[in-house]
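# Structural overview for review
Each chain, written out:
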Amino acid sequence: MIQLSAAIQRIQPSATLGVSARAAALKAQGRDIVSLSVGEPDFPVPDSARKAAIAAIEAGNNHYTAVEGTPALRRAIADKFARDNGLSFTPEDIIVSTGGKQVIFNAMIATVGAGDEVVMPAPYWVSYPDMVALAGGTPVPVPTRAAEGYKMSADALEAAITPACRWLILNSPSNPTGAVYTAGELAAFADVLRRHPQVWVLSDDMYEHIRYGTAPFATMAAVAPDLAERTLTVNGASKAFAMTGWRIGFAGGPRELIKAMVKAQSQSTSNACAIAQAACVGALTGDMGFLAERAAVFRARRDMVVARLGTMPGLTCPTPEGAFYVFPECAGLIGRRTAAGQVLASDEDVAGWLLDNGVAVVHGAAFGHSPAFRVSYATDTASLTTAMDRIEAAIATLD
Ligand code: PLP
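The present account deals with the structure reproduced in this document.

### Concerning the overall build of the protein chain
A tally of helices and strands in the protein chain yields 14 helices and 12 strands. Expressed as lengths along the three principal axes of its C-alpha atoms, the size of the protein chain is roughly 60 × 55 × 55 Å. Out of the 399 residues in the protein chain, the part that is buried amounts to 54%. Long-range contacts, defined as pairs at least 24 residues apart, comprise 73% of the intrachain contacts of the protein chain with a sequence gap of at least 6. The average position of the 32 basic charges and that of the 37 acidic charges among the side chains of the protein chain differ by 3 Å.

### Looking at the packing of aromatic side chains
Counted under the stated rule, the structure contains 14 aromatic pairs. Ring centres 5.9 Å apart and planes at 80° place the aromatic pair Phe81 and Phe250 in the edge-to-face group. Remark: Phe250 occurs in strand E8 (residues 249-252) and Phe81 occurs in helix H4 (residues 71-85); sequence separation between them is 169 residues. In this structure, Phe81 and Phe250 share a single accessibility class: buried. A ring pair is formed by Tyr181 and Phe189, whose centres lie 5.3 Å apart and whose planes are at 70°; its orientation type is edge-to-face. In this pair, the class of Tyr181 matches that of Phe189, namely buried. In textbook terms, an aromatic cluster arises when at least three aromatic residues are bridged by ring pairs, as seen for Phe43, Tyr207, Phe298, Phe324, Tyr325 and Tyr377.

### Observations concerning the site of the ligand
Around the ligand, the structure places 13 residues, and the nearest of them are Gly100, Asp204, Tyr207, Ser238 and Lys239. Separating a nitrogen atom of the ligand from a side-chain N or O atom of Asp204 is a distance of 2.6 Å. Side-chain polar atom of Ser238 to an oxygen atom of the ligand: 2.6 Å apart, as the coordinates give it. Contact with the protein chains removes 92% of the 390 Å² of surface that the ligand exposes when unbound. Taken together, the residues that form the shell around the ligand break down as four nonpolar, five polar and four charged.

### A look at helix H5 (residues 100-111)
The end-to-end C-alpha separation of H5 is 17 Å, in line with the 16 Å expected for 12 residues at 1.5 Å each. All of the buried residues along H5 are Gly100, Gln102, Val103, Ile104, Asn106, Ala107, Met108 and Thr111.

### Considerations on the nonpolar core
Counting 41 residues, the largest nonpolar core has Met108, Val118, Trp167, Leu202 and Leu232 as the members making the most contacts within it. At the level of secondary structure, the elements contributing two or more residues to this core comprise helix H2 (15-28), H5, strand E3 (117-122), helix H6 (127-134), strand E5 (165-171), strand E7 (231-236) and helix H10 (255-266). Core analysis: the next-biggest nonpolar cluster, separate from the first, contains 39 residues, Cys317, Ala351, Tyr377 and Ala387 among them.

### As for the packing of H5 against H6
The geometry of a pair of packed helices is captured by two quantities: the angle between their axes and the separation between those axes. Packing of H5 against H6 brings their axes to within 9 Å, and their N-to-C directions diverge by 35°. Classified by chirality, the crossing of H6 by H5 is right-handed. Residue-level inspection shows Lys101, Ile104, Phe105 and Met108 of H5 in contact with H6, the latter providing Ser127, Tyr128, Met131, Val132 and Leu134.

### Quick notes on the environment of Thr182
Structurally, the position occupied by Thr182 is in the loop between E5 and helix H8 (183-194). For Thr182, a relative accessible area of 37% corresponds to the partly exposed category. Sequence separation between Thr182 and Phe217 is 35 residues; the distance between their C-alpha atoms is 7.7 Å. Setting aside its immediate chain neighbours within four residues, Thr182 contacts Lys151 and Ala218.

### Overview of the environment of Asp349
The residue Asp349 is located in helix H13 (residues 347-356) in this model. Expressed as a C-alpha distance, the spacing of Asp349 and Leu333, which sit 16 residues apart in the sequence, is 10.0 Å. Side-chain polar atoms of Asp349 contact the backbone nitrogen of Ala345, separated by 2.8 Å.

### Comments concerning the side chain of Arg302
Its place among the elements puts Arg302 in helix H12 (residues 290-310). Among residues more than four places away in sequence, those in contact with Arg302 are Tyr212, Thr319, Pro320, Glu321 and Tyr377.

### Quick look at the sheet that holds strand E11 (residues 362-363)
Read from one edge of the open sheet, three strands run E9-E12-E11, paired in antiparallel fashion. Of all strands in the sheet, those with a lone pairing partner are strand E9 (325-326) and E11, marking the two edges.

### Some remarks on the pairing of E7
Counting buried residues along E7, six of its six residues qualify, which places the element largely inside the surrounding structure. Sheet topology places strand E6 (residues 200-204) next to E7; four bridges connect them, and they run parallel. Residue Ser203 lies in a different strand from E7, and its bridge partner there is Thr233. Bridge count between E7 and E8: four bridges; the pairing is antiparallel. Across the sheet, Val234 pairs through a bridge with Ala251, a residue of E8.

Cut-offs used in this document
Residues numbered from 1 in each chain as written. Predicted model: local features only at pLDDT ≥ 70, side-chain atom pairs only at ≥ 80, totals over all residues. Heavy atoms only, no water. Helix = DSSP H or I, 4+ residues; strand = E, 2+ residues; numbered from the N terminus. Buried < 20%, exposed > 50% of the residue type's maximum accessible area, 1.4 Å probe, protein only. Contact = heavy atoms within 4.5 Å. Lys, Arg positive; Asp, Glu negative; His and termini not counted. Charge placed at Lys NZ, Arg CZ, Asp CG, Glu CD. Phe/Tyr/Trp six-rings, centres within 6.5 Å; stacked < 30°, edge-to-face > 60°. Near = heavy atom within 4 Å. Polar contact = N/O pair within 3.5 Å; in protein donor to acceptor, adjacent residues only side chain to side chain. Areas by Shrake-Rupley, 256 points an atom, 1.4 Å probe, with all protein chains shown as cover. Nonpolar A, V, L, I, M, F, W, Y, C, P; charged D, E, K, R; others polar. Expected span 1.5 Å × (residues − 1). Core = buried A, V, L, I, M, F, W, Y, C linked by side-chain atoms within 4.5 Å. Axes fitted to C-alpha atoms, helices over the stretch in contact; angles between N-to-C directions. Left-handed = near helix turned anticlockwise from the far one by under 90°. Pairing = 2+ DSSP bridges.

Rendered as structure tokens:
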């Protein structure tokens, strides 16, 4: 039998990818499943990106690029950070990776080791703790409450930071809760961080363009320019441009950190796909009018899903301010008996029972908050309505 490394034994497979694969397998067997488990927009890739990709193929762009990304893409990313976020980077301060996921992975593997702690508000994106653990570090989740919109307070941040803390990971808008931090809230975190110069900030801004409030988007390096020298600002093409399968993520940050991340990437995947990089230049320099239109569509779906879940007995559902997820707590379903005679003991049981009832969601434990589950509303309204009908009907059958 193969002997597995201590590192791989410390981590779990991605729960979101696992549920999506289970839902797909059931569908392939002919089962009627509405999958609300995936984190990908159901919109087409922008014309600007498709045309740039086709041109790159026709031009024979078949070769390795620089590990850190093509000069054209890093220039376009620097321009994006200046235009959208007021951040000043040169292309040397930027890395392009195979998805936002690899950007964050590179950062953790390049900086975190045994004894290091990484603070993150919980619920958190599934992959953060496992990436930290794979690097040898210890994730430090800071619990938040639904009643407070799943937002961490500055006091809770202060209490979580020890001398061993290396990073704070912030994700706004948040996957899985949709919580969005205001500039004022980030400024309060910055005040805490100024007292702890050993702590760096990873600002995961993947859902920047999917927001429903009127306040401008806030990111740490812009809110607290004095902390920019220890902030990594992460973004990518997956969510904004509906390019999840093209695998382009990027980050801007202090050059020494970027260099270390490029070094890690040079010994794993080398560069991100050359054609996808060309496509991303097209997307970042092309028309972006569709972003606001898509946010409006997501908003209408959010309103519908929150209104429906909000009336279902056993669920508590705060209204998210961004991303395309809602994260209802389901304490009122725990301990209830299903029509098949199973007592729902955990949110994993709830998710399994909902799957039996034709709806795939991801259990809250995967995001470090129970009992709850995550619903992705990045799917068409008819499917969402069917899913809400099924959840409501299933709850009505509980003892
Ligand atoms: N960060 C967050 C919060 C995400 O939700 C995701 C994807 O689900 C990522 C990063 C990674 O994105 P990518 O698909 O570009 O690797």
